Amino acid sequence: MRVLVYSDDAGTREKVRLAIGRRPAADVPLVEIVECATQPAVLKHLDSGEIDIAILDGEAAPAGGMGVSRQAKDEVHNCPPILLIIARKDDRWLANWSRADAVVAQPLDPMAVAEAVADLMRRRLNLTGSNLPAQPVS
């Protein structure tokens with residue numbers, strides 16, 4: 001599955017990439033990470049229909065992930081599930097406004113990120129009618 005990671009901060013993108021690894025859970029497919037540092041690149045990839053999950057940094061600048069999430073949910077046909085990274089747990093109400101499908105808070109807990117991504121992958125597979133592998137593949 002193709003997972004888009006958006007942040008203007010290369011360090012944040014790296015933390016997310018390391019948390020996901022090649023496969024965030026044994027019962028989901030391998031992931032291919034697509035990194036983006038700008039809003040136009042995110043929208044271009046989402047419009048292509050080739051992204052299965054998007055992970056957006058709510059603190060990205062100049063376009064924050066919350067606004068990008070809301071725009072994508074409004075404008076991208078069959079928008080993939082979105083995981084939003086928020087700076088504070090109190091920002092959950094903004095994540096709801098952005099229509100994100102899941103939220104993780106900073107500082108990033110690698111286990112929480114992997115679990116959230118795996119859950120979104122399972123949902124995506126169910127929505128597209130794909131079948132999960134019968135046996136985990138190493």
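Here the structure is shown first, and the text comes after it.
Residues numbered from 1 in each chain as written. Predicted model: local features only at pLDDT ≥ 70, side-chain atom pairs only at ≥ 80, totals over all residues. Heavy atoms only, no water.

## Comments concerning the overall build of the chain
Tallying secondary structure elements over the chain gives five helices and five strands in all. Along the chain direction, N to C, the helices and strands of the chain fall in the order β-α-β-α-β-α-β-α-β-α. For 138 residues, the compact-globule formula gives about 14 Å, and the C-alpha radius of gyration of the chain, at 14 Å, lands near that figure. Counting only C-alpha atoms, the chain reaches 40 × 30 × 25 Å along its principal axes. For the chain, the residues scored as buried account for 46% of the 138 residues in total. Entry remark: accessible area of the chain is about 7,200 Å², with carbon and sulfur atoms responsible for 50%. Averaged over its 16 positive side-chain charges, the chain has a centre that lies 3 Å from the centre of its 19 negative ones. (Helix = DSSP H or I, 4+ residues; strand = E, 2+ residues; numbered from the N terminus. Rg over C-alpha atoms; globule rule 2.2 N^0.38 Å. Buried < 20%, exposed > 50% of the residue type's maximum accessible area, 1.4 Å probe, protein only. Areas by Shrake-Rupley, 256 points an atom, 1.4 Å probe, with all protein chains shown as cover. Lys, Arg positive; Asp, Glu negative; His and termini not counted. Charge placed at Lys NZ, Arg CZ, Asp CG, Glu CD.)

## Quick look at the pattern of salt bridges
When charged atoms on two side chains of opposite charge get close, those side chains can pair. Counted according to the given criterion, the structure contains 10 salt bridges. In this structure, the salt-bridge partner of aspartate 101 is lysine 73, at a minimum N-O distance of 2.7 Å. Placement of aspartate 101 in the loop between α4 (92-98) and β5 (102-105) and of lysine 73 in helix α3 (residues 65-75) is noted, with a sequence separation of 28 residues between them. (Salt bridge = Lys/Arg side-chain N within 4 Å of Asp/Glu carboxyl O.)

## Quick notes on α3
By the burial criterion, the buried members of α3 are Gly65, Met66, Val68, Ser69, Ala72 and Lys73. The arc enclosing the buried residues of α3, seen along the axis, measures out at 165°, which places them on a common side. (Arc of directions from axis to C-beta.)

## Section: unusual backbone geometry
Alanine 61 connects to proline 62 through a cis peptide bond whose omega is 5°. The step from glutamine 106 to proline 107 runs through a cis peptide bond, and the omega angle for that step is -10°. If you trace the backbone, proline 107 turns up in the loop between β5 and α5 (110-128). The phi dihedral of asparagine 78 falls on the positive side, at around 55°, and the residue is not glycine. Here asparagine 78 lies in the loop between α3 and β4 (82-86). Although it is not a glycine, arginine 99 sits at a positive phi angle of roughly 65°. Mapped onto the elements, arginine 99 comes out in the loop between α4 and β5.

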